[in-house]
Every structure is written in C-alpha cells, then in structure tokens.
There are 2 protein chains.
Amino acid sequence: MPIATTPKPPYIAVIFTSQRAGEDNEYAATARRMEELAREQPGYLGIESARGADGFGITVSYWTTMEAVKNWKAVAEHMVAQRRGRDEWYRSYRTRVCTVEREYGFES
Amino acid sequence: MPIATTPKPPYIAVIFTSQRAGEDNEYAATARRMEELAREQPGYLGIESARGADGFGITVSYWTTMEAVKNWKAVAEHMVAQRRGRDEWYRSYRTRVCTVEREYGFES
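Conventions and cut-offs
Residues numbered from 1 in each chain as written. Chains lettered and ligands numbered in written order. Predicted model: local features only at pLDDT ≥ 70, side-chain atom pairs only at ≥ 80, totals over all residues. Heavy atoms only, no water. Salt bridge = Lys/Arg side-chain N within 4 Å of Asp/Glu carboxyl O. Helix = DSSP H or I, 4+ residues; strand = E, 2+ residues; numbered from the N terminus. Pairing = 2+ DSSP bridges. Axes fitted to C-alpha atoms, helices over the stretch in contact; angles between N-to-C directions. Contact = heavy atoms within 4.5 Å. Buried < 20%, exposed > 50% of the residue type's maximum accessible area, 1.4 Å probe, protein only. Polar contact = N/O pair within 3.5 Å; in protein donor to acceptor, adjacent residues only side chain to side chain. Least-squares fit on C-alpha atoms with pLDDT ≥ 70 in both. Buried area = accessible area lost by both parts, 1.4 Å probe. pLDDT = per-residue confidence, 0-100. Arc of directions from axis to C-beta.

### Some points on the pattern of salt bridges
- Going through the model one piece at a time under the given rule, you end up with 20 salt bridges over all chains.
- As a salt-bridge pair, E103 of chain A and R94 of chain B come within 2.3 Å of each other at their nearest N and O atoms. Pair noted here: E103 of chain A is in strand β4 (residues 90–107) and R94 of chain B is in strand β4 (residues 90–107), and the two residues belong to different chains.
- Connected via shared salt-bridge partners are E48 and E103 of chain A together with R94 and R96 of chain B.

Here you go:
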C-alpha cells in the first residue's frame, strides 16, 4: 500500500476507523472489491489502509468533493457491503468526513 | 486501541500516513512517549493508530483547533522525534491537516 498521491488542498478525506469482529465471512474479498469499485467512481483521488494484528484498522479515502463522497456512499453494491459491515464484520466503526486544508510530507 | 470519542464537529483531524524503514532504534518507545505527550497538550481530543505487518501505518490525532495542532507540532520533544522520524524511522510519510465536517458510527 503506497501513500496516496493527492492534489493541492482543499479536497475531501473520509476517515473510516473500525474494530473487526471475529470471523472473515468473505470480508477480505469484499474489502478488495470495494477498493476496486471506489477507484472507478467519479471524484476518487486515492485510498490508504492499515490494520494491526489486534483487528483495529484505519482506511482513509480521498475525494474531490463532498458530492463525490455522497455518491460513493449511495452506490448499490457499496450499500450492501456497508450493511454486511454492521451485521457481520465490525464490532464498531466510526466514519469522519473532513476537508483537507493543508498537507506536507517526506520521501527518503 | 479504542475508537476515539470526539465531540460534535467541527474539530481538527491530523492524518499521519507513514511507511516504516527497517530498524527499530527506539521507535516503539518514542511512539508511545509521543502518544503520552500528545494527551497532555491543550486542545487534544484523541488518537487512533493502526500499522500492518508490511510497515504501512496510519495515525489520526484529533484536536479542538488549528492553533492546538500548530502548538503540538512545535513542542520541543516532539520536534526531536519528528527529526528522528525523517532521519531513521520512516521511508516516507505524509501529514494531512483537516477539518472534520461530520461523523457517524456504529457500535454493536
């Protein structure tokens, strides 16, 4: 997973923090499929994701506008996955929708 | 690591995405110390962190205001750690400073 290459701010970040429940039930395959599907959406800029051995994970997706975020949330296949997330895959999660105001970085 | 309990938006999120370099060199101890030190700063709201086995990690810290973020960045002990981060611990990183506009979640 590389660090996402994003444009000059402002743009939108969706921070999805989650604690996985026990069993897989196609979770890994669905997570991969949702990443693919996100990439095809208008306004998609990039995605970053990390999950530790304790099942605690953070995924950040980047979007051009709030409208693009809203449209992605409403994509039918994504809605089915969101429902399964609540029912099967996550003990808890939190989604925070943000405007990125500035960024800086380092590359060795 | 629990999901951070944050107030009603708006507030600030600092998304720190990083790829670790090979050796530890007190990285784990410094990371814990920086979390402790952050908790003591004015305007601190919470922190969430995940790193996978591939060394790719995301840490999000939450703050009341941009001023609080700026002050935390300038804390002397934190500046030393930032310098060691560039010199020793990270292959690359990116910091994005954001205003959280809305949030929603789920708790089973």
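### Digging into the sheet that holds strand β1 (residues 11–20) of chain B
- Taking strand neighbours across the sheet as the criterion, the 8 strands line up as β2(A)-β3(A)-β1(A)-β4(A)-β4(B)-β1(B)-β3(B)-β2(B) in an open arrangement whose pairing is antiparallel. Only two strands of the sheet have a single partner each, and these edge strands are β2 (44–51) of chain A together with β2 (44–51) of chain B. Each adjacent strand pair in this sheet contributes to an overall mean axis angle of 25°, direction not counted.
- As judged from the 10 bridges shared by strand β1 (residues 11–20) of chain A and β4 of chain A, these two strands associate in the antiparallel manner. Bridging from a neighbouring strand, V14 of chain A pairs with V97 of chain A of β4 of chain A.
- Running at roughly 65° to β4 of chain B, helix α2 (residues 66–73) of chain A makes contact with β1, β3 (56–63) and β4 of chain A together with β4 of chain B of the sheet.

### Let's talk about the side chain of E103 of chain B
- Taking the relative accessible area as the measure of exposure, E103 of chain B reaches 16% and is therefore buried.
- A polar side-chain atom of E103 of chain B sits 3.0 Å from a polar atom in the side chain of T6 of chain B.
- Side chain to side chain, E103 of chain B and Y11 of chain B meet in a polar contact 2.5 Å long.
- Look past the residues within four positions of E103 of chain B in its chain and what remains in contact with it is R94, T95 and R96 of chain A together with T6, P7, P9 and Y11 of chain B.

### Points about the relation of the copies chain B and chain A
- Each copy superposes on the other: chain B lies on chain A with an RMSD of 0.0 Å after a rotation of 180° and an axial shift of 0.0 Å. In symmetry terms, the pair is related by a two-fold rotation axis.
- Mapped onto chain A, 100% of the interface residues of chain B are again interface residues, and the two copies thus contact each other with one and the same surface.

### Structural notes on unusual backbone geometry
Residue and element names in this part refer to chain A.
- Cis rather than trans, the peptide bond between P9 and P10 has omega equal to 5°.
- For P10, the position within the fold is in the segment before β1.
- Unlike most non-glycine residues, E26 shows phi in positive territory, near 70°.

### Overview of the interface of chain B and chain A
- Contact residues are listed per partner, giving 45 residues for chain B and 45 residues for chain A.
- Contact between chain B and chain A buries roughly 3,900 Å² in total, counting both sides, with carbon and sulfur atoms accounting for 59%.
- Along the contact surface separating chain B from chain A lie 6 salt bridges.
- For R96 of chain A, the salt bridge goes to E48 of chain B, with nearest N and O atoms at 3.2 Å.
- Here chain B and chain A share 25 residue pairs in polar contact (both at pLDDT 80 or more) between them.
- Taken together, the elements giving at least two residues each to the side of chain B that touches chain A come down to β1, β2, β3 (56–63), α2 (66–73) and β4 of chain B.

### Here we look at the confidence of the model for chain A
- Here chain A averages 95 in pLDDT, while 100% of its residues score no lower than 70.
- Interface predicted TM-score (ipTM) for the complex: 0.95; the corresponding pTM is 0.96.

### Things to note about α2 of chain A
- Of all the positions in α2 of chain A, only A68, V69 and W72 of chain A are classed as buried. One side of α2 of chain A holds all its buried residues, which, seen down the axis, span an arc of 100°.
- The inward-facing, buried residues of α2 of chain A contact β1, α1 (27–39), β3, α3 (76–89) and β4 of chain A together with β4 of chain B.

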